[in-house]
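Descriptive analysis of the structure
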Amino acid sequence: MIRRVAAFPRDGFHLGLMLALTFSTGVIDAVGYLGLDKVFTGNMTGNVVILGMALVGGSGLPVLGPLLALAGFMAGAALAGRVLKPAGPGWTTRTTVLFGIVTLVMIATAAVLLAIEDDFGRPVGVTITTVLGAAMGIQAATARFIAVKDVTTVVVTSTITGLAADSVLGSGKGGGSARRASAVVLILAGAFVGAALLKWHLGGGLLLAGAITAVVTLLGATHARHHVAAAR
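Residues numbered from 1 in each chain as written. Predicted model: local features only at pLDDT ≥ 70, side-chain atom pairs only at ≥ 80, totals over all residues. Heavy atoms only, no water.

1. Some thoughts on the overall build of the chain
This is how the line gets drawn: Where helices and strands are cited, they refer to DSSP runs of H or I of at least four residues and of E of at least two residues respectively, numbered from the N terminus. Radius of gyration: C-alpha atoms only; globule rule: 2.2 Å multiplied by the number of residues to the exponent 0.38. Remark: exposure states derive from per-residue accessible area (1.4 Å probe, protein chains only) relative to the maximum for the residue type, with buried under 20%, exposed over 50%, and partly exposed in between. Every residue pair with non-hydrogen atoms within 4.5 Å of one another is taken to be in contact. Only the protein chains shown count as cover for residues, and the accessible areas themselves come from Shrake-Rupley with a 1.4 Å probe. As used throughout, the charge tally considers Lys and Arg to be positive and Asp and Glu to be negative, leaving His and the chain termini uncounted. Note that the charge is assigned to NZ on lysines, CZ on arginines, CG on aspartates and CD on glutamates.
Along its length, the chain carries nine helices and zero strands. Mapped in sequence order, the helices and strands of the chain form the string α-α-α-α-α-α-α-α-α. Here the C-alpha radius of gyration of the chain, 18 Å, is about what a compact globule of 232 residues would show, namely 17 Å. Overall, the C-alpha framework of the chain stretches about 55 × 45 × 35 Å when taken along its three principal axes. Across the 232 residues of the chain, 44% fall into the buried class. Considering only contacts in the chain between residues 6 or more positions apart, those separated by 24 or more positions represent 74%. Accessible surface, the chain as shown: approximately 11,500 Å² in total, 69% of it carbon and sulfur. Taken together, the 16 basic and 8 acidic charged side chains of the chain have centroids lying 16 Å from each other.

Set out below in structure tokens:
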């Protein structure tokens with residue numbers, strides 16, 4: 001198993017891992033928006049738009065939840081940036097630690113939701129989305145550091161723009177169309193699965209997202225360790 005993982009070229013392997021995290025982002029955002037008072041925990045563009053509409057009296061739109069999720073996301077991204085500042089390029093021990101933190105947050109949050117069922121007040125819900133926002137900020141900044149082109153793991157607007165602009169209907173340049181299309185399809189599929197899991201339990205989607213992130217972390221660390229050892 002380890003040999004098979006290690007045999008993959010680094011760029012292609014990292015692309016696969018980031019696409020898996022893109023899928024999990026779709027799951028998490030479906031849980032946040034549909035199950036936790038219309039708050040995005042990965043897609044901060046959505047929160048900014050919701051805040052803008054809510055501040056002028058948008059009917060039933062929350063203010064505190066998106067605001068705190070945005071603050072949490074920025075704090076998480078800043079923390080990851082600080083941790084990764086002295087790190088070398090590619091996947092490092094620091095990368096593994098940061099993705100490990102995201103995994104623990106997802107699984108711990110899922111466990112809390114599974115334990116308390118759906119009987120919790122708004123303060124608990126806001127706390128959960130803030131913590132999830134921080135975790136997704138860590139994920140986004142760490143994915144940015146790994147620098148897989150066109151795959152940010154948390155948003156696909158720029159990916160869709162590049163896909164359309166470089167298509168045969170646009171400039172015709174092509175290049176990266178497969179990975180761009182994959183990112184869009186996977187975040188869509190993640191949202192579908194996250195919404196479906198809400199029919200079982202609010203914590204179901206977070207449990208799945210945590211499991212995916214755990215596998216990504218393990219595979220990424222294994223692959224990086226082998227390549228570092230081979231380079232010596």
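2. Considerations on the packing of aromatic side chains
Threshold: For Phe, Tyr and Trp, rings pair up if their centres lie within 6.5 Å, where Trp contributes its six-membered ring, and each pair is then called stacked (planes under 30 degrees apart), edge-to-face (over 60) or tilted (otherwise).
Counted under the stated rule, the structure contains two aromatic pairs. Ring centres 5.0 Å apart and planes at 25 degrees place the aromatic pair Tyr33 and Phe40 in the stacked group. The partly exposed category is assigned to Tyr33, whose relative accessible area is 30%. When its relative accessible area of 18% is taken as the criterion, Phe40 is described as buried. For the ring pair Trp91 and Phe99, a centre distance of 5.3 Å and an interplane angle of 40 degrees mean the geometry is tilted. Take Phe99: its relative accessible area is 0%, and that puts it in the buried class.

3. Remarks on the pattern of salt bridges
Counted only if it meets this: The rule for a salt bridge is simple: a side-chain nitrogen of Lys or Arg has to be within 4 Å of a carboxyl oxygen of Asp or Glu.
Overall, the coordinates contain two salt bridges when judged by the stated rule. The salt bridge involving Arg10 is made with Asp11; its shortest N-O contact spans 4.0 Å. Given a relative accessible area of 59%, Asp11 falls into the exposed group. For Arg122, the salt bridge is made with Asp37, and the minimal N-O distance between the two is 3.7 Å. Of the two residues, Arg122 sits in helix H6 (residues 122-146) while Asp37 sits in the loop between helix H2 (10-35) and helix H3 (44-55), which places them 85 residues apart along the sequence. A residue is classified by how much of its surface remains accessible, and Asp37, at 39% relative accessible area, is partly exposed.

4. Some words on a nonpolar patch on the surface
For clarity, the cut-off: Put simply, a patch holds well-exposed residues, over 30% relative accessible area, that have no salt bridge, with like charges counted together within 9 Å and Val, Leu, Ile, Met, Phe, Trp or Tyr side chains within 5 Å.
Together, Leu55, Val56 and Val63 make up a nonpolar patch on the protein surface, roughly 310 Å² of accessible area in all. When you line up the elements, Val56 lands in the loop between H3 and helix H4 (64-84). Relative accessible area serves as the criterion here: at 72%, Val56 is assigned to the exposed category.

5. Concerning the environment of Ala196
Looking at the secondary structure, you find Ala196 in helix H8 (residues 177-197). Along the chain, Ala196 and Val31 lie 165 residues apart, while their C-alpha atoms are 9.7 Å from each other.

6. Some details on unusual backbone geometry
Residue Asp37 is not a glycine yet carries a positive backbone phi of 60 degrees. For Ala147, which is not glycine, the phi torsion reads 60 degrees and is therefore positive. Relative to the elements of secondary structure, Ala147 occurs in the loop between H6 and helix H7 (157-165). For Ala147, a relative accessible area of 54% translates into the label exposed.

7. Quick look at the side chain of His201
Cut-off, in case you're wondering: Each polar contact in these results corresponds to two N or O atoms within 3.5 Å; when the atoms are within protein, one needs to be able to donate a hydrogen and the other to accept it, and residues that are neighboring in sequence are counted only if both atoms are side-chain atoms.
Here His201 is to be found in the loop between H8 and helix H9 (202-231). For His201, a relative accessible area of 9% translates into the label buried. At a separation of 2.9 Å, a polar atom in the side chain of His201 contacts the main-chain amide nitrogen of Gly203.

Read these as layout, nothing more, since geometry by itself doesn't imply function.
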